Amino acid sequence: MVFNSLTFLVFLAVVLAFYYSPLSWKTKKVLVLIASYIFYGAWNPPFIILLWISTAMDWYLARYVSGAKTQFQRRMGLTATLVSNLGLLGFFKYGNFLLENFVAFMAALGIQYRPPEMSIILPIGISFYTFHSMSYTLDVYLGRSKPCRSFLDFALYVAFFPQLVAGPILRATDFLPQCVEPRRTSRDQFGWGFALLVVGLFEKVVLADWALAPVADLVYGSPGQASPWDAWLGTLAFSAQIFFDFAGYSSCALGVALLMGFVFKVNFNFPYAAVGFSDFWRRWHISLSSWLRDYLYVPLGGNRHGEARTYLNLMLTMLLGGLWHGAAWHFVAWGGLHGAYLMGERVLRARWGPVRWVNTLAGQLLLAGLTYGLVCITWVFFRAKDFASGSVLLKAMFTCEWGLEVLRRREAFVVVGITAAMLAGHWLMRENGLGHLWQKVPWWGRSIILAVMLLLVILAPGNDRAFIYFQF
Amino acid sequence: MIVRSSTSNSDQGLPAGKWGKVWLLAVGLVVLTLAGLEVFWRLNEYSPSVNDSEDLWASVRHQVAPASIVLLGTSRIKSNVDSDWFASEVGGMPPLQLGIMGGSPVPVLEDLADDPAFAGIAIVEVFQKWVFNWDSPEGKSAPAAEQTARSYLNAYSTFRVSPAKRWEAALRVRLQSFLVMANPSRVTPKEMLKALWQGEFPEVRFRVFPNRHFRLEKHYDPPAQPAPDSAIPSAITDAAFARLAKAVTKLQARGGRVIFVLLPTTGNERRGEDRFPRPHFWNRLGPQTKALTIHCDDYPELLRYATPDGKHFPDGEHLYTDDVPEFTRTFARIVKSKLAGASRNGVGKAKN
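Cut-offs applied
Along each chain, numbering runs from 1 in the same order as the chain's sequence is written. As a convention, the first chain written is A and the first ligand written is 1, with the rest following in written order. Totals for whole chains, interfaces and linings use all residues, but because this is a predicted model, local features are given only for residues with pLDDT of at least 70 and pairs of side-chain atoms are given and counted only at 80 or more. The side-chain quantities take in all heavy atoms of the structure and omit both hydrogens and water. Per the convention used, a helix needs a DSSP run of H or I reaching at least four residues, while a strand needs a run of E reaching at least two, with both numbered from the N terminus. Each radius of gyration reported is based on C-alpha atoms, and the globular scaling rule is 2.2 Å times the count of residues to the power 0.38. Accessibility here uses a 1.4 Å probe with only protein chains present; expressed as a share of the type maximum, an area under 20% marks a residue as buried, one over 50% as exposed, and anything in between as partly exposed. Two residues qualify as a contact provided that any one of their heavy atoms is within 4.5 Å of a heavy atom in the partner residue. Here the accessible surface of atoms and residues is derived via Shrake-Rupley with a 1.4 Å probe, and residues count as covered only by protein chains that are part of the display. This count recognises Lys and Arg as positive and Asp and Glu as negative, with His and chain-terminal groups excluded. Where a charge lies is defined by one atom per residue type: Lys uses NZ, Arg uses CZ, Asp uses CG and Glu uses CD. Salt-bridge detection follows one rule: a side-chain nitrogen of Lys or Arg within 4 Å of a carboxyl oxygen of Asp or Glu. Buried area is a sum: the accessible area each of two parts loses on coming together, probed at 1.4 Å, counted once for each and added. Three categories are distinguished: nonpolar for Ala, Val, Leu, Ile, Met, Phe, Trp, Tyr, Cys and Pro, charged for Asp, Glu, Lys and Arg, and polar for the others, with Gly belonging to the last. If DSSP finds at least two bridges between two strands, the strands pair. Every axis corresponds to a line fitted to the C-alpha atoms, with the helix fit spanning only the stretch in contact, and the corresponding angles, defined between N-to-C directions, vary from 0 to 180 degrees. Confidence of the predictor at the level of single residues is given by pLDDT, which spans 0 to 100. Our angle categories are set so that under 35 degrees counts as roughly parallel, over 145 as roughly antiparallel, 65 to 115 as roughly perpendicular, and the remainder as oblique. Handedness of a crossing follows from how the near helix is turned relative to the far one, being left-handed for an anticlockwise turn of less than a right angle and right-handed for a clockwise one. Patch membership requires over 30% relative accessible area and the absence of a salt bridge. Like charges are linked within 9 Å, and nonpolar side chains (Val, Leu, Ile, Met, Phe, Trp, Tyr) within 5 Å.

Visitor: I keep staring at the overall build of chain A and nothing clicks. Help me out?
Guide: The secondary structure content of chain A amounts to 18 helices and 0 strands. Expected size for 472 residues packed as a compact globule is a radius of gyration near 23 Å; at 23 Å, chain A falls within 12% of this value. Looking at the 472 residues of chain A, the share that counts as buried comes to 57%. Pairs at least 24 apart in sequence give 77% of the contacts found in chain A among residues at least 6 apart. Surface accessibility of chain A: about 20600 Å² in total, with carbon and sulfur atoms responsible for 67%. A distance of 9 Å separates the average location of the 37 positive side-chain charges in chain A from that of its 23 negative side-chain charges.

The structure is reproduced here in structure tokens:
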């Protein structure tokens, strides 16, 4: 089920009713775990089995790794967790992609191969919970944490419903300690949790789905007809859409968790105010970028083996990060572009070192603007349905023509208005966050803002669109 | 190895104080506003209307049982034939409304033909341009109507495996049946502002019921569309007939029945149907597919509604609300006698 649904509203009310009733902490955890399985199974019941498999595998493998007497045994355990989790992901997510590319490769060699038709359904959230579960075993292997003593706590860590289908990707070291003692939610946490939920729904339902998605759909649905203005506006619309969609989901997840006293790390830290790409990746989908850094980039060697190796590690990490998002070459291209940007940034830093004007306000704004513009270009490949149409639109962005061909002026104003407000908001909150700004608003002002947001969420018409990251 | 934390926690910088008052006021404002809007729309004669979404269609499709009667077609069958009135005439469970506004019935018929669990009666309202697959430049083309139908079928394929979708559809139908404001597609915020500010209400008002029947509540004048002069090549229909025959044969082989129906229309809508000369199109439908057919011209009791003054069809194809019960009962009697004449158990014995 999705956060922006009546079903979730009823579900949450029931869960909270049980959670705040006078039951033991263990009983509450059991109830939340069952609720999490219901939450996941409500999408397609048989796929709960995959969640159980992933949970059981990593529970036993972590214990095996921890108790292993030899390095060989430890490595066996590590290999088993990688193979099993990545195998699950590989089959369900990349099975068709690998097969299509294999067929294309054989055709290039002059061999016509027709494989049997495989209709593989992508289980929702599999990219998230496999990474989640795997990180626990990896942390045990790397000595960052000890195996959890309670299977209940571990199962809850894997399946906790606020973050189950689209993150944030939790770390066991952050979540498991919170399971030990009963969570006590303060009134401020409860109030702020609901506020985060409403803010998230507003971002998703009103901004992403209602205001921006139709504009992006129009342009990306007709890439060949788009003028440069259409292409840029459509891309700006999508760049805002994906932020509000995904950050909205994360905000809902954080808010719902906070209602039960669980504290998650922030997953988006105003990324469009980033100055440079390293900064961008410290602000965008933080739980994924830090996962890739800690479990891929650093183990590959990070920046410890010279410049050439650093660039290779960066590029590999970003290419695989792109592939994580989707089984298609245009996602890989998206990751590759980001890899190239990161490499370019390192080269520039190395060549010019600290430059005074960079630290001035004007310099920061210029670099932030440049970062945002270059990030928007990468979104073309992320949103386009394939490489070819992405290339067409990218080309359109850099031709010289005036006027709109696909979009109307009103749509253009909406996109420009929302984008400008978003960028301004990101810049204002880049250091201190939303909570800090919210603290300055008088209590009745908070009420009015929340009421307006809630009303718009309820009254917004249009199609229900799945959260973009559900497809990953 | 130390894992650097580049993030803050969701409760850092936690805004503190007076959250009880904040939420009390916020919820109060929302409830008052929604209640006020509900009263405003009701005073202006708006009634609750269910959102006629793909999920609502899927929820009805999900109810199809082996001996169900299903209504396929376009907005014409959705507005002119009411399931409850149909059942009141012939008995048994009301037919399930699977008509799709702007959608071709052919993919839906094929879907039912491929469903071994269905062996009931499919009443297929024919909009000839789409059923005979003519990609004309005027209006919505057959491929586009086919695509619309396919999107509904895709929604159904997700719906049938997802309890969450089923629960959501059920909750929404219940809420939207009681509250005007529960269906935001009915009156968008922009229309709301126009109505509140200028007193200008949306022109077309119709109401969709949980059984997916829709009713025009107010008259509107759609723009007149000139009928094209070009003749339709007969060759393009050979593939269409073959496709229909395949679906009908499959369904009827396991005891089902298909009835193709041409409902009465007036004005430009009738001229649009008349572009398909009956000897070359409609008259071939029964013999080539072995399905039963009901053409409005053969039944004066149906044709009497097709008056040129727009007394019954304000837009040429959708009946006024007051005409629907009698029209439906008349139609139901014709269907019943057609089936009886085809030496099959009567419609009244069809059980869901």
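Visitor: Could you clarify how one ought to interpret the pattern of salt bridges in this entry?
Guide: Between side chains of opposite charge, a pair can form as their charged atoms come close. What the rule picks out here adds up to 37 salt bridges over all chains. Between Arg333(B) and Glu89(B) there is a salt bridge, and its shortest N-O distance comes to 3.4 Å. Pair noted here: Arg333(B) is in helix α14 (residues 324-341) and Glu89(B) is in helix α4 (residues 83-90), with a separation of 244 residues, a long-range link. For Asp238(B), the salt bridge goes to Arg284(B), with nearest N and O atoms at 3.1 Å. Linking Asp238(B) in helix α10 (residues 236-253) with Arg284(B) in helix α12 (residues 282-289), this pair joins segments that are 46 residues apart in sequence. A relative accessible area of 43% places Asp238(B) in the partly exposed class. Each member of the salt-bridge network shares a partner with another, and the members are Asp279(A), Arg283(A), Arg430(A) and Glu431(A).

Visitor: Could you clarify how one ought to interpret the interface of chain A and chain B in this entry?
Guide: Reports of interface size often rely on the accessible area that becomes lost once the parts have come together. With 54 residues of chain A in contact, the opposing surface of chain B contributes 43 residues. Between chain A and chain B, a total of about 4300 Å² is buried, with carbon and sulfur atoms accounting for 68% of that surface. When the buried surface of chain A facing chain B is broken down by residue, Leu6(A), Trp443(A) and Leu459(A) rank first, second and third, together holding 15% of it. Elements with a contribution of two residues or more to the side of chain A that touches chain B: α1 (6-19), α2 (25-41), α8 (187-221), α9 (228-259), α11 (286-300), α17 (433-439) and α18 (443-459) of chain A. Sort the elements by how many residues they give to the side of chain A that touches chain B and α18(A) lands first, with 11 residues. Class assignment for the residues of the side of chain A that touches chain B results in 31 nonpolar, 12 polar and 11 charged.

Visitor: Sorry, what's going on with the sheet that holds strand β6 (residues 257-262) of chain B here?
Guide: Strand pairing in a sheet is mediated by backbone hydrogen bonds. Such pairs are either parallel or antiparallel. All names here are of chain B. Taken in spatial order, the 5 strands make up an open sheet running β2-β1-β3-β6-β7, and their pairing is parallel. A strand with exactly one partner marks an edge of an open sheet, and here the two such strands are β2 (96-97) and β7 (292-295). Both strand β1 (residues 69-72) and β2 contribute to a ladder of 2 bridges, which runs parallel. Counted as the bridge partner of Val 70 is Leu 96 from β2. Contacts between helix α5 (residues 106-113) and the sheet are confined to β1, β3 (121-125) and β6, with β1 contributing the most and set at about 155° to the helix.

Visitor: Quick question: what am I supposed to make of the confidence of the model for chain B here?
Guide: The predicted coordinates should not be examined in detail at positions where pLDDT is low. All names here are of chain B. Put simply, chain B has an average pLDDT of 85, and 86% of its residues get 70 or more. Ignoring residues within four places in sequence, the model shows residues 345-352, a span with pLDDT below 50, making 21 contacts including any to other chains. Overall fold confidence (pTM) sits at 0.88, and the ipTM for the predicted complex is 0.86.

Visitor: Honestly, the confidence of the model for chain A in this entry has me stumped. Any pointers?
Guide: When the pLDDT values of chain A are averaged, the result is 89; 97% of them are 70 or greater. Summarising per-element confidence for chain A, the mean pLDDT is lowest in α17(A) (86) and highest in α2(A) (96).

Visitor: How do you make sense of the pairing of β6(B) when you look at a structure like this?
Guide: Side-chain direction in a regular strand flips from residue to residue, so the side chains alternate between the two faces of the sheet. Residues and elements named next belong to chain B. The buried count for β6 comes to 6 of 6 residues, which makes it a mostly enclosed element. Judged from the 5 bridges that link them, β3 and β6 form a sheet pairing that is parallel. Counted as the bridge partner of Glu 125 is Val 261 from β6. Note that β6 and β7 share 4 bridges and pair parallel. Each bridged residue has a counterpart across the sheet, and for Ile 259 the counterpart in β7 is Leu 292.

Visitor: Explain the environment of Gly336(A) here, please?
Guide: Structurally, Gly336(A) is set in helix α13 (residues 329-352). With near-sequence residues (within four places) excluded, Gly336(A) lies in contact with Met315(A) and Leu319(A).

Visitor: Could you clarify how one ought to interpret unusual backbone geometry in this entry?
Guide: It is generally the case that most residues other than glycine have a negative phi and that most peptide bonds are trans. Omega for the peptide link from Gly167(A) to Pro168(A) comes to 0°, which places this bond in the cis form. By the secondary structure assignment, Pro168(A) is in the loop between α6 (151-159) and α7 (172-180). In this model, Glu45(B) sits at a positive phi of 70°, which is unusual for a non-glycine residue. The phi angle at Lys290(B) is positive, at roughly 70°, despite the residue not being glycine.

Visitor: Would you take a moment to explain the packing of helix α1 (residues 19-43) of chain B against helix α9 (residues 189-198) of chain B for this structure?
Guide: For any two helices packed against each other, one specifies the inter-axial angle together with the distance between the axes. All names here are of chain B. It is the contact of α1 with α9, at a shortest axis distance of 12 Å, that shows an interaxial angle of 70°. Judged on the interaxial angle alone, α9 and α1 are roughly perpendicular. Between α1 and α9 lies a crossing whose hand is left-handed. Within the contact between the two elements, α1 uses Leu 37, Phe 40 and Trp 41 and α9 uses Glu 191, Met 192, Ala 195 and Leu 196. Of the residues belonging to the contact of α1 with α9, the class tally is 6 nonpolar, no polar and 1 charged.

Visitor: Which parts of the structure should I look at to understand a nonpolar patch on the surface?
Guide: A contiguous nonpolar patch, built from Leu9(A), Val10(A), Val14(A), Phe18(A), Leu23(A) and Leu171(B) and spanning about 500 Å² of accessible area, is present on the exposed surface. Looking at the nonpolar patch, the element that brings in the most residues is α1(A), giving 4 residues. As for its position among the elements, Val14(A) is in helix α1.

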